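Next come the chains, spelled out residue by residue.
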Amino acid sequence: MHYSVDGRGFYGEFGGAFIPEMLHSNIEELKSRYLEIMEEKDFQDEMQQLLKNYVGRPTPLYYAKRLSLHFNAHIYLKREDLNHTGAHKINNTIGQILLAKRLGKSRIIAETGAGQHGVATATVCALMGLECIVYMGEIDIARQAPNVSRMKMLGAKVVPATSGSKTLKDATNEAIRDWINNPNDTHYIIGSVVGPHPYPDMVARFQSVISEEMKWQLKEQTGSENPDIIMACVGGGSNAAGAYYHYLDEDQVRLVAVEAAGLGVDSGESAATSVLGTKGIIHGSRTLLMQTEDGQIIEPYSISAGLDYPGIGPLHAHLIDTGRAEAISITDAEALEAAFLLTRLEGIIPALESAHAFAAMSYLKYRPEDVIVINLSGRGDKDLSTYIKKMES
Ligand SMILES: *Cc1c(COP(=O)(O)O)cnc(C)c1O
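Source: prediction; values computed, not measured. (Residues numbered from 1 in each chain as written. Predicted model: local features only at pLDDT ≥ 70, side-chain atom pairs only at ≥ 80, totals over all residues. Heavy atoms only, no water.)

Chemist: Can you walk me through empty space enclosed by the protein in this structure?
Modeler: Under the criterion given, the structure shown has three cavities of 30 Å³ or more. There is about 340 Å³ of room inside the largest cavity. As for the largest cavity, its lining consists of 30 residues, and the residues nearest its centre are K89, G191, S192, G236 and G306. For the lining of the largest cavity, the secondary-structure elements that each account for two or more residues are β5 (107–112), α5 (116–128), α8 (168–181) and α11 (238–244). Classifying every residue of the lining of the largest cavity gives 10 nonpolar, 16 polar and four charged. (1 Å grid on protein atoms, 1.4 Å probe; cavity = no way out; pocket = protein on both sides within 12 Å on 5 of 7 lines; lining within 4 Å. Points joined across faces, edges and corners; volume = space filled by probe spheres on them. Helix = DSSP H or I, 4+ residues; strand = E, 2+ residues; numbered from the N terminus. Nonpolar A, V, L, I, M, F, W, Y, C, P; charged D, E, K, R; others polar.)

Shown next as structure tokens:
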């Protein structure tokens, strides 16, 4: 079995580039140049230097002693929450802004759900002095207010998406529309392993630094590069792709993808794509998505804006379809409870998205001797108002 993208941009039967004619030249340019640019010494030097001294990499791999005792396993946390701007998203935006500069682009657009990708994009635009426009669903603007203020302070223009469920999917539609209208000077920094080829592969490569570090950090701390299990939450799937990347062909390492069940998989208010999804095309890629029988997208729902998406990346669709990855879905209530558990046991307030991955421990089948790495994709500052509501209830 192979889990890397093929020459046509497919992972098995998922992926590809199903795009309007108007985007053809942009996607062709990216497709023909991304690998060559990423391999240039000058690009690598600049990226490695920024990841180290600006982002703060390598992020620690932390043995969570009290959490391990609680679950009777050996749990390590990959601390992506300690990155500059508070999540893994910056790994990708650093890479893409350097790519955009080499493609001669002066205007950057992005979509955002929780606002983490918007903040990470606005940050690298400030760093490089480029114009930045971020599309964000109206509902998300309301529930992630601190991140909206951060983007504005960083100099980005935040444009509300007012159609559909007014969340991530709708923001993505608006960003694609913008790109169609501004094909020459604009680069679209997609925030996850979604969208037309080459985005899923490109974003996975930029996030793969997570598992690259995990390998030597585990070797140092446990004597083996390989854990038994790697768990990560999946919205589009970029933090999970990064955490899995260098383990994809290590069949003995179990990969667990944790999705948002919202109010429950059968409630009609959910974002558990691997359970509820069927094969179809969304945002330029053939993948699993939540749709009606006649192909209308079903509005997703999750308490966490970063997981509130009706599709998953084509890599994850392939991993789940082939059985390489296991999927677990977690409700809002379970994620909230797990956020407080981690906070009280380890003194770490996680992002609501990441809290889903911790909640999955209750459903995971494991042995007490197993080494489990949970990717702590982001910190919880942006979710404080949700956590305050929970404390007051
Ligand atoms: C955006 C985000 C996610 C979901 O996106 P993926 O592409 O699935 O990683 C998860 N956690 C945090 C903290 C995020 O900001």
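Resuming the write-up.
Chemist: Just to check I follow, could you spell out the nonpolar core for this structure?
Modeler: Across soluble globular proteins, nonpolar side chains show a tendency to be buried alongside one another. Counting 53 residues, the largest nonpolar core has I94 and I97 as its most contacted members. Ignoring any residue separated from it by four or fewer positions in sequence, one finds I97 in contact with I108, V124, C125, M128, L130 and I189. C233, I330, L345 and I374 belong to the second-largest nonpolar core, a separate cluster that totals 37 residues. (Core = buried A, V, L, I, M, F, W, Y, C linked by side-chain atoms within 4.5 Å. Buried < 20%, exposed > 50% of the residue type's maximum accessible area, 1.4 Å probe, protein only. Contact = heavy atoms within 4.5 Å.)

Chemist: So what exactly am I meant to see when it comes to the packing of helix α4 (residues 89–102) against α5 here?
Modeler: When two helices pack together, you describe them by how their axes are tilted relative to each other and by the distance separating the axes. At a closest axis distance of 9 Å, the pairing of α4 and α5 adopts a crossing angle of 40 degrees. On the basis of their axis angle, the class for α4 and α5 is oblique. Note that α4 runs across α5; the crossing there is right-handed. On the side of α4, the interface is formed by K89, I90, N92, T93, I94, I97, L98 and K101, while α5 contributes Q116, H117, A120, T121, T123, V124, C125, L127 and M128. The residue makeup of the contact of α4 with α5, split by class, is nine nonpolar, six polar and two charged. (Axes fitted to C-alpha atoms, helices over the stretch in contact; angles between N-to-C directions. Parallel < 35°, antiparallel > 145°, perpendicular 65-115°, else oblique. Left-handed = near helix turned anticlockwise from the far one by under 90°.)

Chemist: Which parts of the structure should I look at to understand the environment of N92?
Modeler: Mapped onto the fold, N92 is located in helix α4. Classification of N92 as buried rests on a relative accessible area of 0%. It is 8.7 Å that separates the C-alpha atoms of N92 and A120, two residues lying 28 residues apart in sequence. Non-local contacts of N92, meaning those with residues more than four positions away in its chain, are made with H117, I189, I190, G191, V203, F206 and Q207. Of the polar contacts made by the side chain of N92, one reaches the backbone oxygen of I190; its length is 3.0 Å. (Polar contact = N/O pair within 3.5 Å; in protein donor to acceptor, adjacent residues only side chain to side chain.)

Chemist: Mind showing me how you'd approach the site of the ligand here?
Modeler: Neighbouring the ligand are 16 residues; K89, S192, G235, G237 and S238 lie closest to it. Contact distances for the ligand include 3.2 Å between an oxygen atom and a backbone N or O atom of G236. S238 has a polar side-chain atom sitting 2.7 Å from an oxygen atom of the ligand. Starting from 380 Å² of accessible surface for the ligand in isolation, the protein chains cover 97%. Looking at side-chain class alone, the shell around the ligand contains three nonpolar, 11 polar and two charged residues. (Near = heavy atom within 4 Å. Areas by Shrake-Rupley, 256 points an atom, 1.4 Å probe, with all protein chains shown as cover.)

Chemist: What should I look at first to understand the sheet that holds strand β7 (residues 157–161) in this one?
Modeler: Remark on secondary structure: sheet strands pair via backbone hydrogen bonds, oriented parallel or antiparallel. Taken in spatial order, the four strands make up an open sheet running β7-β6-β5-β8, and their pairing is parallel. Looking along the sheet, the strands with just one partner apiece sit at the ends: β7 and β8 (186–188). For this sheet, the mean inter-axis angle between neighbouring strands, taken without regard to orientation, is 25 degrees. The sheet contact formed by β5 and β8 spans three bridges and is parallel. Looking at the pairing, I108 lines up with H187 of β8. Of the strands in this sheet, β5, β6 (131–137), β7 and β8 touch α8, which is tilted by about 160 degrees from β5. (Pairing = 2+ DSSP bridges.)

Chemist: What exactly am I supposed to notice about the pattern of salt bridges here?
Modeler: Two side chains that carry opposite charge are able to pair once their charged atoms sit near each other. If you walk through the whole model with that rule in mind, you get 30 salt bridges. A salt bridge links D170 to K169; the nearest nitrogen and oxygen atoms lie 2.8 Å apart. A single burial state applies to D170 and to K169, both of which are buried. Connected through shared salt-bridge partners, D42, E46, K101 and R102 make up one network. (Salt bridge = Lys/Arg side-chain N within 4 Å of Asp/Glu carboxyl O.)

Chemist: Please explain the pairing of strand β9 (residues 229–233) as it appears in this structure.
Modeler: Strand residues, when the strand is regular, have side chains that alternate between the two faces of the sheet. Of all five residues making up β9, five are buried, and the element is well covered by its neighbours. Taking every second residue as pointing to the same face, both faces of β9 are buried, with I229, M231 and C233 on one and I230 and A232 on the other. Alignment of β9 against strand β10 (residues 254–262), held across five bridges, turns out to be parallel. Across the sheet, residue I229 finds its bridge partner in β10, namely R254. Chirality of the crossover, the property in question, places the unit of β9, α11 and β10 among those that are right-handed. Bridge count for β9 against strand β14 (residues 371–376) is three bridges, and the pairing is parallel. The residue of β14 that forms the bridge with M231 is I374. (Right-handed = clockwise from strand over helix to strand, strands pointing away.)

So yeah, pure geometry; function would need other evidence.
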